[in-house]
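Chain by chain, the residues run as shown.
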Amino acid sequence: ATPLDFRSLVRSGIGVPLGVLAALAMIILPLPPLALDVLFTFNIALSLIVVMAVFYVSRPLDFGVFPTVLLLATLLRLALNVASTRVVLLHGHTGGHAAGRVIESFGEFVIGGNYAVGVIVFAILTIINFIVVTKGAGRISEVTARFTLDAMPGKQMAIDADLNAGLITQDEARTRRGEVRAEADFYGSMDGASKFVRGDATAGILILVINMLGGLCIGILAHDMSFSDAARVYTLLSIGDGLVAQIPALLLSTAVALIVTRMSRAQDMGGELAKQLLGQPRALGIAAALLGVMGLIPGMPNVPFLLMGALCGGGAWMLHQKSLKPVEPVETAPAPAAAPSPESRELTWEDVQPVDIIGLEVGYRLVPLVDKAQGGDLLARIRGVRRKLTQDLGFLVQAVHIRDNLDLPPNSYRINLAGVPVGEGVIYPERELAINPGKVFGKLSGIDLRGHNRSHGA
C-alpha cells in the first residue's frame, strides 16, 4: 500500500484493534528471537514516550486516553512475557542467545557473572515498583477519583448558577459540563487502570520464579544438563526476561504517579518545579551551609559534599542578587498642559450632560461594589444579566451607566430610566440578611429591612 493508504488505514481506527489482535496472537503463536528483540525494544520505546508525554502535557485531561494506553501497554507486556517464556523453556538449553539479544544483554549486564546478585537486583527493582511507586499511585488515584465524584454535583450547580445569572452562555455552560464529566471519567478510569499496573508487577515476580524453576527442571530432566549449567543458562534468561518487562512497567508506574499527582489546571510541570523547588534562595543557602559542614567533617567524602555545597551556595547567591535588582521605572507620558478654568472658556456641547437610557446612581459607600480594584463584581453581574435578558427577550438591552452621586445617602442607590428615577433602595454590604422561617421567637437587634425599604419607596 502507498503511504497515503497507510495513513488512511491508521486514521480509520483499525490500527488499535489490529494491535490488540496481534498481542493476543503472540500468546498462541511462537515468535523467532529477532521478532522478540524488535517487540521488546518497541515496548521500552513506548514506555519512554508515555512518560515524556505525561511530563510535558499541560493538564491531565489533555491526555484523556492515558488509561486506555496503559491497558494496551500492559497487555502487550504480558503477551511478550508469555512469548518469551515459551522460547526460554523450549530453546534455553542451546544458550543465552536462544531468546534474542535483548534478553541476553539485559541478563548479562545485571548478573555480571554472579547469579545471586542478579536475583537480588531484580527483587529490589520489583519491590520498588510494587510497594513504592505502584501502591502510592493507586492510593492517590483512588482518593482523587472519590473526591472528584463527590465534588461533581457542586460543580454542576455552580455552572447552572452562572448560567442563570447570565455570566456564561449556553455553549460555555455545555463546555464546562463536558469538562466536569470528562474529569470524573478520567480519574475514575485511572483508579481502575492503576490496578493493572499493580497486577502486572505481581505477575512479573511469578513469571520469574516459574521460568527459573521450570527451566531447571526442563534442562536437567529433558536435556541432561548439569545443575550448574542449567542454573546459569536459565537464570540468565529468566532475569533478562524479567528486567526487559519490569523496566517498562516501572516507567509506566512512574507515569501513573506523575499524572495523578498533578493539578487539574493547566501548568508547565518543568517550569513549576524549577520555580517552586529552586526559587527560594534561603532554602538553597541553608542546604549549602549544611553540606559545607558535612564536607568539613574528617572521614567524610569532603570533595563531593563541598562541591555540592558550593553549587547550592552559588545558586542561592544568584537568586538573591536577582531579587535585589531594581525594577526599571516605566516611562510615563508628560503631564498635559493645564486646562483653562471653567469661567474663562466658552461653553461647548461637552458641557451638556448626556441622558442615559438606563442609569444607576450609588452612594459613596456602595462604590466598592462597582470598583474592580476593590474587588467589586457588580459590573460583571450586570453584564451577565443583560446577556441573559437579551437572549430571552430577543432584543438588545441597553448598557447600564453607573456613576456615584454625593447627593444620595451613603448606602442608597437609584435606578433611572431616560433620566427619570424609577426606583431606589438601601444596601448594607457590611451586614448579614436574617430571614425568619417562622420559628424564631424574640426580637433581633438590627434594621427592619422590610419597613426600611418601604419608607424609601423600594
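Our structure's up above, just so we're on the same page.
Draft legend 1. Geometry of the packing of helix H6 (residues 115–164) against helix H8 (residues 227–260). Put simply, H6 and H8 touch, their axes get as near as 9 Å, and they point 25° apart. When the interaxial angle is binned, H6 and H8 end up roughly parallel. Considering the relative orientation of H6 and H8, their crossing is left-handed. Taken together, the residues that form the contact of H6 with H8 break down as 15 nonpolar, 11 polar and 1 charged.

Draft legend 2. Examining the pattern of salt bridges more closely. Counted under the stated rule, the structure contains 9 salt bridges. Residues glutamate 183 and lysine 155 are paired through a salt bridge, measuring 3.2 Å at the closest nitrogen-oxygen approach. Of this pair, glutamate 183 sits in helix H7 (residues 170–222) while lysine 155 is found in helix H6, placing the two residues 28 residues apart along the sequence. Accessibility expressed as a relative area gives 13% for glutamate 183, which makes it buried.

Draft legend 3. Focus on helix H13 (residues 378–393). For H13, which comprises 16 residues, the first-to-last C-alpha distance of 22 Å matches the rise-based estimate of 22 Å (1.5 Å per residue) to within 8%. Looking one or two residues beyond H13, the residue adopting positive phi is glycine 394, at roughly 90°.

Draft legend 4. The arrangement of the nonpolar core in detail. Of all hydrophobic cores here, the largest spans 22 residues; its most connected members are Met26, Leu36, Phe40, Leu80, Ala99, Ile103 and Leu237. Of all the elements in the fold, those that place two or more residues in this core are helix H2 (15–28), helix H3 (33–56), helix H4 (66–91), helix H5 (101–111) and H8. With near-sequence residues (within four places) excluded, leucine 36 lies in contact with Leu31, Leu80, Ala83, Ser84, Val87 and Ala99. Counting residues in each nonpolar core, the second largest holds 20 residues, with Leu70, Tyr187, Val256 and Val260 among its members.

Draft legend 5. Geometry of the side chain of asparagine 129. Summarising the element assignment, asparagine 129 is placed in helix H6. Only 2.7 Å separates the side chain of asparagine 129 from the side chain of serine 253, close enough to count as a polar contact. Excluding residues within four positions of it along the chain, asparagine 129 makes contact with Thr134, Ala201, Gln246, Ala249, Leu250 and Ser253.

Draft legend 6. Up close: the packing of H4 against H7. Interaxial distance between H4 and H7 falls to 9 Å at its minimum, and their mutual angle equals 5°. It follows that H4 is roughly parallel to H7 by the angle criterion. Split into classes, the residues belonging to the contact of H4 with H7 amount to 14 nonpolar, 7 polar and 2 charged.

Draft legend 7. Here's a closer look at empty space enclosed by the protein. In the structure shown here, the tally under the stated rule is 1 cavity of 30 Å³ or more. Taken as a whole, the largest cavity encloses approximately 50 Å³ of empty space. Lining the largest cavity we find Arg77, Asn81, Phe122, Asp200, Gly204, Ile207, Asp241, Gly242, Ala245 and Gln246. If you list the elements that add at least two residues to the lining of the largest cavity, you get H4, H7 and H8. The element contributing the most residues to the lining of the largest cavity is H8, with 4 residues. Split into classes, the residues belonging to the lining of the largest cavity amount to 3 nonpolar, 4 polar and 3 charged.

Draft legend 8. Highlighting the sheet that holds strand S1 (residues 358–362). Taken in spatial order, the 4 strands line up as S2-S1-S3-S4 in an open sheet, and their pairing is mixed. One side of each edge strand has no neighbouring strand; the edge strands of this open sheet are strand S2 (400–404) and strand S4 (420–426). Ignoring strand direction, the axes of neighbouring strands in this sheet form an average angle of 20°. Running at roughly 155° to S2, H13 makes contact with S1 and S2 of the sheet.

Basis of the calculations
Residues numbered from 1 in each chain as written. Predicted model: local features only at pLDDT ≥ 70, side-chain atom pairs only at ≥ 80, totals over all residues. Heavy atoms only, no water. Axes fitted to C-alpha atoms, helices over the stretch in contact; angles between N-to-C directions. Helix = DSSP H or I, 4+ residues; strand = E, 2+ residues; numbered from the N terminus. Parallel < 35°, antiparallel > 145°, perpendicular 65-115°, else oblique. Left-handed = near helix turned anticlockwise from the far one by under 90°. Nonpolar A, V, L, I, M, F, W, Y, C, P; charged D, E, K, R; others polar. Salt bridge = Lys/Arg side-chain N within 4 Å of Asp/Glu carboxyl O. Buried < 20%, exposed > 50% of the residue type's maximum accessible area, 1.4 Å probe, protein only. Expected span 1.5 Å × (residues − 1). Core = buried A, V, L, I, M, F, W, Y, C linked by side-chain atoms within 4.5 Å. Contact = heavy atoms within 4.5 Å. Polar contact = N/O pair within 3.5 Å; in protein donor to acceptor, adjacent residues only side chain to side chain. 1 Å grid on protein atoms, 1.4 Å probe; cavity = no way out; pocket = protein on both sides within 12 Å on 5 of 7 lines; lining within 4 Å. Points joined across faces, edges and corners; volume = space filled by probe spheres on them. Pairing = 2+ DSSP bridges.

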